[in-house]
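Listed here are the chains, written in short residue letters.
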Amino acid sequence: MSARSAVLSALLGSHPPRLPARHLVRIGALFGVAEGTVRVALSRMVAAGDLVQENGFYTLSPRLVERQARQDESRDPHVRPWDGTWEVAVVTAERRAPADRAALRHAMTALRLAELREGTWMRPANLVRPAWPEVVTAQCTLIDGRPHGDPTPLLWDLDGWAAEARRLEGALERVEGLADGLAEGFLVSAAVLRHLLADPLLPPELLPAGWPGAQLRARYDAFDARYREVLLRHLAG
């Protein structure tokens, strides 16, 4: 794990996302990253607008606080009963700049919509969330509808997500049994959080039997509570 990745993972997993430099240095040391290398990475991340530094503490920038909010939502998703309606966003804006295209793709991924074909994004309307962001409404026409067939297999690789979730469950179980597993636990924790961000959060009606999403969340929550106690003792020491 690079110094930058270690710093980001540590802050994204902290509430509030604020840690002293000495703690970030000790986290880097878990992966053999020298103190000087961590401090150089911190300076570069401040210059790039990823972090804010004040009185020896480093805090995530507003952009990355938004990413942390998505990460938290993936651990405890806010869903509502599904009535069969799908949300569809069709790109209708003309002559879009590359930056606008990239911003829309980023927003759609964050909103957990998938692209059926170029310029057509959709998902079941089962998530509780605020109004559509401006980057979407400025480029798309929004439609609520009901497909004649189930487009889920065309939008998401559910078998692949489930297989990786079960592998990560096994990794959590394995690392819990290690007497000195701080570094591996850190890596597994980061991998689980990344994977939960990729969960499409579909309604039960569209999920295959034995879907491991809830089970992975429950196992990770239990692991995270214990791991953070051990990690905080290590950092304080």
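All values derive from a computational prediction rather than experimental measurement.

**Examining the sheet that holds strand S3 (residues 57–60)**
Ordered in space as S1-S3-S2, the three strands form an open sheet in which the pairing is antiparallel. Strand pairing shows two members of the sheet lacking a second neighbour, strand S1 (18–20) and strand S2 (51–54), which therefore form its edges. The mean angle between the axes of side-by-side strands here comes to 25 degrees, regardless of whether they run parallel or antiparallel. With respect to the sheet, helix H2 (residues 21–29) is in contact with S1 and S3, its orientation differing from that of S1 by roughly 85 degrees.

**Regarding the UniProt feature "domain: Transcriptional repressor PaaX-like C-terminal" (unreviewed entry) in the protein chain**
In the numbering used here, UniProt assigns the feature "domain: Transcriptional repressor PaaX-like C-terminal" (unreviewed entry) to residues 184–233. With 70% helix and 0% strand, the stretch residues 184–233 has end C-alpha atoms that lie 17 Å from each other.

**Observations concerning the packing of aromatic side chains**
One pass over the structure, following the stated rule, counts five aromatic pairs. Aromatic pair Phe 223 and Tyr 227: ring centres 5.4 Å apart, planes at 15 degrees, arrangement stacked. Note that Phe 223 and Tyr 227 are positioned in helix H10 (residues 213–236) at a spacing of four residues, about one turn of the helix. By relative accessible area, Phe 223 is classed as buried at 4%. Aromatic rings pair up to connect Tyr 220, Phe 223 and Tyr 227 into one cluster. Lying across the ring of Phe 57, Arg 18 places its NZ or CZ 4.0 Å from the centre. Looking at Arg 129, its charged tip hangs above the ring of Trp 132, at a distance of 5.0 Å from the centre.

**Focus on the layout of surface pockets**
Of the volumes computed, that of the largest pocket is approximately 430 Å³. Arg 70, Ala 110, Leu 111, Arg 129 and Pro 130 are the residues nearest the centre of the largest pocket, which is lined by 18 residues in total. For the lining of the largest pocket, the secondary-structure elements that each account for two or more residues are helix H4 (62–75) and helix H5 (98–110). Per-element tally for the lining of the largest pocket: the top contributor is H4, with four residues. Among the residues making up the lining of the largest pocket, the classes are represented as eleven nonpolar, two polar and five charged.

Criteria and cut-off values
Residues numbered from 1 in each chain as written. Predicted model: local features only at pLDDT ≥ 70, side-chain atom pairs only at ≥ 80, totals over all residues. Heavy atoms only, no water. Pairing = 2+ DSSP bridges. Helix = DSSP H or I, 4+ residues; strand = E, 2+ residues; numbered from the N terminus. Axes fitted to C-alpha atoms, helices over the stretch in contact; angles between N-to-C directions. Contact = heavy atoms within 4.5 Å. UniProt positions renumbered as here; feature names shortened; annotations may be inferred. Phe/Tyr/Trp six-rings, centres within 6.5 Å; stacked < 30°, edge-to-face > 60°. Buried < 20%, exposed > 50% of the residue type's maximum accessible area, 1.4 Å probe, protein only. Lys NZ or Arg CZ within 6 Å of the ring centre and 35° of its normal. 1 Å grid on protein atoms, 1.4 Å probe; cavity = no way out; pocket = protein on both sides within 12 Å on 5 of 7 lines; lining within 4 Å. Points joined across faces, edges and corners; volume = space filled by probe spheres on them. Nonpolar A, V, L, I, M, F, W, Y, C, P; charged D, E, K, R; others polar.

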